[in-house]
Amino acid sequence: MADGFYQFDGVELAALIARGETTATELLDASLARAALLNPILNAITVMAEDAARSSITAGLPDGPMTGVPFLLKDLGAEAVALPTTNGSTLFKDKIHTYDSEIYLRIKAAGLVTFGRTASPEFGIGPVTEASANGAPTRNPWNTEHTSGGSSGGAAAAVAAGIVPVAHGSDGGGSVRIPASSCGLVGFKPTRARLPDGPVAGEGWAGMAIDGFLTRSLRDTAVLLDATAGPDLGVPYWPPPMDEDYVTAMGQTPRTLKIAYLTRSFSGDKVHDECRRAVENTAATLDGLGHHVDEFKGSIDILAMMQAWTNIVACGTALNVHAKSKDPTVYEPQLDGVTRGAIKLAEGVSGADYLKAINDVHAFGRQMAGHLANIDVLLTPTLAEPPAIVGRFKPVNEDFLDYRMGPDGVFAYSPFTAAFNASGQPAVSLPLHWTDNDLPVGVHLAASFGDDSLLMNLAAQLETAMPWREKQLSLIRKLAS
Amino acid sequence: MNYEDICYLSATEALKLFKRRKLSPVELMQAIIKRTEKVEPAINAFTETFFDEALAQAKKSEARYMKKGHRTRRLEGIPLAIKDEVPVKGKRCTSGSLILKDNIANETAVFAQRLFNAGAICHARTATPEFCCAAVTTSRLWGTTRNPWNLNFTPGGSSGGSAASLAAGTTTLATGSDIGGSIRIPASCSGVVGFKPPYGRVPEMPGFNLDYYCHEGPLARTVADTALMENVIAGPHTSDIATVKPKLRIPEKLKSIRGWRIGYSLDLGFFKPTRDVRENTLRAVETFRAMGCKVEEVRVPWDESCAKAAWDHLSHLFGASLGPLEREHGDLMTDYARAFAIQGRKSKAIDFVNATDKAGEMYSFFGPMMENYDVFLCPTTAKPAERANPKFDYASYKTDGKLMPDSLAWCMTFPFNSLSRCPVLSVPSGFGRNGVPTGLQIVGKTFDDVSVFRAAAAFEKKSPWLHDRKHRPVIRTRS
């Protein structure tokens, strides 16, 4: 029976426990066994906290929507007393927290059993998870020569490989959606400020970053977002309240939507044929579902936004490092090249530059709101290519501007995702396409600011019309043998 | 039980609760009114509502239940939505046409009167396409009616408002009429039950009563409700020479179908059902097998000439009946009704005769084949549903040389209007990938209504629909 657990999603596992057909301990043992088997290949988990998980079960789990389901937190932020972090950095190795973050408190209240943390690049910057502090790159379970994405790359590898059904992630430039796309999973970035950042921080990366989850089924995402969404005490900003929760939105009667799709980047560059095909197939399906589907006609100016994003993230990285040490002779030898580059860039960003960057990000949000006034949903690929070969984005480039915005930089590889961190819109990557070589290619959908429920409703229609479960299971079964 | 649960009570359950005084007809009507106010803006199933009148009647029904020893009628206090093509004396009756927008009926259809006499309360009239001549419910007069399971799609037609309101929980029972599938198609698209009785079972308005394609019949959410309503409306009447004697009653308790022989076809020889329709039909076949029936696939030797025959028949009588209206008021008509009327005016007697021949040829296969089986199964529609607002293209039929017009290509119903003495029930078989329900036709031998109901009741028990909150459509109420 233990083998069978890997095929179930979180909702199903919680139901099995509720019916007495298994126990939280049995599921934890199964997850640990599978981690022991697969983690040496994937390097998905960097912090193990088995004892903490066992004692949480012994103490009695709260009655939540996912009670007893094994879970992994990302090794970045999400402070939890029981789970030290490294943030993908030797500088932060085994950092012990003195308090639980609000997001973790809500994860605990959902009944999840957290037994470790998943690999992140250093401070979460980058579309791959290859921090030197992690010892080895995190690899894609679909093909270990390829990256599982980043920055929530460990989480995606663990979920796709069936170590856990669901895992925590965070997304400041695509860091939930890029790994979801790379590993054939669902990655939903809610509207800005939908999830809590407390009790200490008000927002990450000037509001661009938000937590999220990597899941195989859409309903797991919906259940986890319902369990964690909502303002926390003293939150500086609130998103527009939702008309209904995510789970309800999934099952709601669809209405006719205006959907615009793009098969080139916002700046007109071609994307990989497989990514174009993924969008075209999805557009055809959406048309068959009765929606009005058209090619996107407008033009979106992203240059200022990308520059602003890069400056803000550089400053955020400097902030993280300076929290530990302000002495370059101490921190520089311990950091990856990209991180050193980010700090160097941040040193040249004045206070006025920083406020200009925020203005540019907000102006971009207004630009997107203008486009979304005429359409309901924007459809693009998640990435411009199938997942890259491990090593291509190795974090050694000390020119942070070039690493992000250069011709072979991250924005060329992921030209869509960060736009929605800047605008704060809800966006989701869905596993709707695989290449002939069985590499996952995600399809990206974004709705208006605050309209998470419409996006969830449309995603549910696509899950029914283009089901991906069997494809995910084929990998899990293959890895089991 | 919240008010939405009350809205989705079957008539059979509601009547039981009325009798035990656990629920009052007033409470049921109030719940339905509340639900209507909530979901009608999205669905547009009703053309008119009579809430004050209906509440007043519900109060009288309530009094009847409260009075000790008082006999209550068979549908006492049950909300009923009546299709806007059925004349009810003193009420507006438009058939979805601008030409008839102010038409007040001066008589009441016999079957509607029977429903009133049984205590049913009409709280609303339901939308139809213009003159009920399409399988999609949209008209210039009333706009577009939408499918409660997916607003992008039609709830079917022509009894689309009736089926949509049942699925949306804004009525308990509804009337339909079926001249090419107009009861079964909306039942299928909306995930409810619709019965096309055999020709002559339910009285028709004179004139159309002699077109054997034409039937009045019930729509409901459960098989038992459908039988309950059919038992009220069926039976011979002095005004309709076609009605058959004696009256047939569907028994309340239906026996098991273990050991039955059942034939099925996925395509009736010439339709092209989509994958989801095929899969859902095959799942239904397996359900019947699991109930101890011997189910065999039957190769049906029909082809698209059957569609041409049905089309010619419909054009010759139904289409031609609209011809004079088109001449006088064509500018007020929808494109599809107008094209159909013109088609009818051009129809030749020989086409009609050939159509009758074809119907005979079809039965020369179907009749003997059915000697081997208790009932016959096939999909109701070849895809879950047409879009809510498709491009109608009836006029292209003659010019592009196709035998089957596109508007009929998804309606696997009309062959049983050609074979009109066969009773046919459509029951839900599942959902398409677009979330729209699919339907299964259960076809009986001529005038063997009871077998059809027995099979449907057994199937419903094994494979229920709309039976709990999780299996109802969730209609977004704010935009």
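Residues numbered from 1 in each chain as written. Chains lettered and ligands numbered in written order. Predicted model: local features only at pLDDT ≥ 70, side-chain atom pairs only at ≥ 80, totals over all residues. Heavy atoms only, no water.

Broken down by element type, chain B carries 15 helices and 13 strands. Computed over C-alpha atoms, the radius of gyration of chain B comes to 21 Å, within 12% of the 23 Å expected from 2.2 N^0.38 for 479 residues, which places it in the range of a compact globule. Principal axes of the C-alpha set define a box for chain B whose edges measure 65 × 55 × 50 Å. A buried classification covers 63% of the 479 residues belonging to chain B. Contacts in chain B between residues at least 24 apart in sequence constitute 78% of all its contacts with a sequence separation of at least 6. Taking the average place of the 66 positive charges on the side chains of chain B and the average place of its 50 negative ones, the gap between the two points comes to 6 Å. (Helix = DSSP H or I, 4+ residues; strand = E, 2+ residues; numbered from the N terminus. Rg over C-alpha atoms; globule rule 2.2 N^0.38 Å. Buried < 20%, exposed > 50% of the residue type's maximum accessible area, 1.4 Å probe, protein only. Contact = heavy atoms within 4.5 Å. Lys, Arg positive; Asp, Glu negative; His and termini not counted. Charge placed at Lys NZ, Arg CZ, Asp CG, Glu CD.)

What follows concerns the overall build of chain A. Along its length, chain A carries 18 helices and 13 strands. Taking 23 Å as the expected radius of gyration for a compact globule of 481 residues, we find that chain A reaches 20 Å, a close match to that expectation. Its C-alpha atoms put chain A at 60 × 55 × 45 Å along the principal axes. Within chain A, buried positions represent 62% of all 481 residues. Of the contacts made within chain A by residues no fewer than 6 positions apart, 78% connect residues no fewer than 24 positions apart. As displayed, chain A offers around 16800 Å² of accessible surface, 53% of which is attributable to carbon and sulfur atoms. (Areas by Shrake-Rupley, 256 points an atom, 1.4 Å probe, with all protein chains shown as cover.)

Of the residues in chain B, 97% have a pLDDT of 70 or more, and the chain-wide mean is 95. Taken together, the chains of this predicted complex give a pTM of 0.87 and an interface ipTM of 0.75. (pLDDT = per-residue confidence, 0-100.)

Strand pairing within a sheet occurs via backbone hydrogen bonds; the two strands may be parallel or antiparallel. All names here are of chain B. Pairing within the open sheet is mixed, and its eleven strands lie in the order E1-E3-E2-E6-E8-E7-E12-E13-E11-E9-E10. The open sheet terminates on both sides in strands that have one partner only, identified here as strand E1 (46–49) and strand E10 (294–297). Neighbour-to-neighbour, the strand axes of the sheet open up by a mean angle of 30°, direction not taken into account. Two strands pair when backbone bridges link them, and strand E2 (residues 79–83) and strand E6 (residues 173–178) are joined in this way by two bridges, in the parallel orientation. By the bridge assignment, Ala-81 is partnered in E6 with Ala-174. Relative to the sheet, helix H9 (residues 275–290) contacts strand E9 (261–264), E10, strand E11 (375–379), strand E12 (424–431) and strand E13 (437–444), its axis offset from that of E13 by approximately 50°. (Pairing = 2+ DSSP bridges. Axes fitted to C-alpha atoms, helices over the stretch in contact; angles between N-to-C directions.)

Further remarks concern the pattern of salt bridges. Residue and element names in this part refer to chain B. Counted under the stated rule, the structure contains 42 salt bridges over all chains. Here Glu-296 ties to Arg-261 by a salt bridge, and the two come within 3.5 Å at their closest N and O atoms. Taken together, the residues Glu-296 in strand E10 and Arg-261 in strand E9 connect sequence positions 35 residues apart. Judged by its relative accessible area of 23%, Glu-296 falls in the partly exposed class. (Salt bridge = Lys/Arg side-chain N within 4 Å of Asp/Glu carboxyl O.)

So, about the state of the cysteines. Inspection of the entire model under this criterion finds zero disulfides over all chains. In this structure Cys378(B) is a free cysteine whose sulfur lies 11 Å from that of Cys422(B), the closest cysteine sulfur available. (Disulfide = S-S within 2.5 Å.)

Going from Gly150(A) to Ser151(A), the amide bond is cis rather than trans, its omega being 10°. For Ser151(A), the position within the fold is in the loop between strand E5 (143–147) and helix H5 (153–160). Note the cis peptide between Lys245(B) and Pro246(B), where omega equals -5°. Along the polypeptide, Pro246(B) turns up in the loop between helix H8 (223–233) and E9.

Residue and element names in this part refer to chain A. Packing of helix H10 (residues 303–324) against helix H12 (residues 337–347) leaves a shortest axis separation of 8 Å and a crossing angle of 105°. With respect to each other, H10 and H12 are oriented roughly perpendicular. On the side of H10, the interface is formed by Thr-310, Asn-311, Ala-314, Cys-315, Thr-317, Ala-318 and Val-321, while H12 contributes Thr-339, Ala-342, Ile-343, Leu-345 and Ala-346. Residue composition of the contact of H10 with H12, by class: eight nonpolar, four polar and no charged. (Parallel < 35°, antiparallel > 145°, perpendicular 65-115°, else oblique. Nonpolar A, V, L, I, M, F, W, Y, C, P; charged D, E, K, R; others polar.)

Let's shift gears to the environment of Leu225(A). All names here are of chain A. Within the fold, Leu-225 resides in helix H7 (residues 218–228). Using a relative accessible area of 0% as the deciding quantity, one classes Leu-225 as buried. Once the C-alpha coordinates of Leu-225 and Trp-205 are considered, the two residues, 20 residues apart in sequence, prove to be 21 Å apart. Excluding its chain neighbours within four sequence positions, the residues that come into contact with Leu-225 are Phe-188, Pro-190, Leu-195, Phe-213, Tyr-246 and Met-456.

Turning our eyes to something else, we now look at the packing of aromatic side chains. This model, assessed by the stated rule, comprises 28 aromatic pairs over all chains. Taking 5.2 Å as the distance between ring centres and 80° as the angle between the ring planes, the aromatic pair formed by Phe318(B) and Phe340(B) counts as edge-to-face. On the criterion of sequence distance, the pair formed by Phe318(B) in helix H10 (residues 305–329) and Phe340(B) in helix H11 (residues 335–346) is long-range, its members being 22 residues apart. Seen in terms of ring centroids, Phe459(B) and Trp465(B) are 6.5 Å apart; in terms of plane orientation they differ by 35°. Their pairing is tilted. Overall, Phe459(B) belongs to the buried group, its relative accessible area being 1%. Taken together through their ring pairs, the aromatic side chains of Trp302(B), Phe365(B), Phe366(B), Phe376(B) and Phe416(B) make up a single cluster. The ring of Tyr6(A) has Arg34(A) lying over it, and the distance from NZ or CZ to the ring centre is 4.3 Å. The ring of Tyr212(B) carries the charged tip of Arg421(B) above its face, separated from the ring centre by 5.4 Å. (Phe/Tyr/Trp six-rings, centres within 6.5 Å; stacked < 30°, edge-to-face > 60°. Lys NZ or Arg CZ within 6 Å of the ring centre and 35° of its normal.)

For the rest of this paragraph, the subject is the sheet that holds strand E11 (residues 377–381) of chain A. All names here are of chain A. Spatially, eleven strands are ordered E1-E3-E2-E6-E8-E7-E12-E13-E11-E9-E10 in an open sheet, and the strand pairing comes out mixed. Looking along the sheet, the strands with just one partner apiece sit at the ends: strand E1 (45–48) and strand E10 (292–295). Looking at each pair of strands side by side, their axes are set apart by 30° on average, direction ignored. Of the pairings in the sheet, the one linking E11 to strand E13 (residues 440–447) comprises five bridges and is antiparallel in character.

Right, let's get into H9(B). Residues and elements named next belong to chain B. With 16 residues, H9 should reach 22 Å at 1.5 Å per residue; the first-to-last C-alpha distance of 22 Å fits that figure. Buried residues of H9: Asp-276, Val-277, Asn-280, Thr-281, Ala-284, Val-285, Thr-287 and Phe-288, and no others. Buried residues along H9 sit against E9, E10, E11, E12, E13 and helix H15 (449–462). Trailing H9 by a residue or two, Gly-292 shows a phi angle of about 90°, which is positive. (Expected span 1.5 Å × (residues − 1).)

A pair of packed helices can be characterised by two numbers: the angle between their axes and the separation between those axes. Residues and elements named next belong to chain B. As a packed pair, helix H5 (residues 110–117) and H8 sit with axes 8 Å apart at the nearest point and diverge in direction by 115°. Regarding the angle of H5 to H8, the classification is roughly perpendicular. Note on packing geometry: the crossing formed by H5 with H8 is right-handed. On H8, the residues touching Phe-111, Arg-114 and Leu-115 of H5 are Met-229, Val-232 and Ile-233. (Left-handed = near helix turned anticlockwise from the far one by under 90°.)

Looking now at the environment of Thr137(B). Residue and element names in this part refer to chain B. With respect to the helices and strands, the residue Thr-137 is situated in the loop between strand E3 (121–126) and strand E4 (138–139). In sequence terms Thr-137 and Ala-388 are 251 residues apart; their C-alpha atoms lie 7.4 Å from each other. Apart from the residues lying within four places of it in its own chain, the contact partners of Thr-137 are Ala-127, Thr-128, Pro-129, Gly-143, Thr-144, Thr-145, Thr-154, Gly-156, Gly-157, Ser-158, Gly-160 and Gly-161. A polar contact of 2.7 Å, which involves the side chain of Thr-137, links it to the backbone oxygen of Gly-156. (Polar contact = N/O pair within 3.5 Å; in protein donor to acceptor, adjacent residues only side chain to side chain.)

Another point: the pairing of strand E8 (residues 215–220) of chain B. Look at any regular strand and the pattern is simple: side chains alternate between the two faces of the sheet. Residue and element names in this part refer to chain B. Counting buried residues in E8 gives six out of six residues, a clear majority hidden from the surface. Inspection of the sheet shows E6 paired to E8 by six bridges, in the antiparallel sense. Paired with Thr-175 across the two strands is Pro-218, which belongs to E8. As judged from the two bridges shared by strand E7 (residues 193–196) and E8, these two strands associate in the antiparallel manner. For Val-193, the partnering residue across the bridge sits in E8 and is Ala-220.

Attention now goes to the interface of chain A and chain B. Taken residue by residue, the interface counts 21 residues in chain A and 17 residues in chain B. Regarding the contact of chain A and chain B, the summed buried area is about 1500 Å², with carbon and sulfur atoms giving 42% of it. Our enumeration of links across chain A and chain B arrives at one salt bridge. With a closest N to O distance of 3.5 Å, Asp287(A) and Arg387(B) form a salt bridge. The tally of links from chain A across to chain B stands at eight residue pairs in polar contact (both at pLDDT 80 or more). Sorting the residues of the side of chain A that touches chain B by element identifies helix H8 (246–251), helix H9 (273–288) and helix H17 (452–465) of chain A as the ones contributing at least two each. Taken together, the residues of the side of chain A that touches chain B sort by class into five nonpolar, eleven polar and five charged. (Buried area = accessible area lost by both parts, 1.4 Å probe.)

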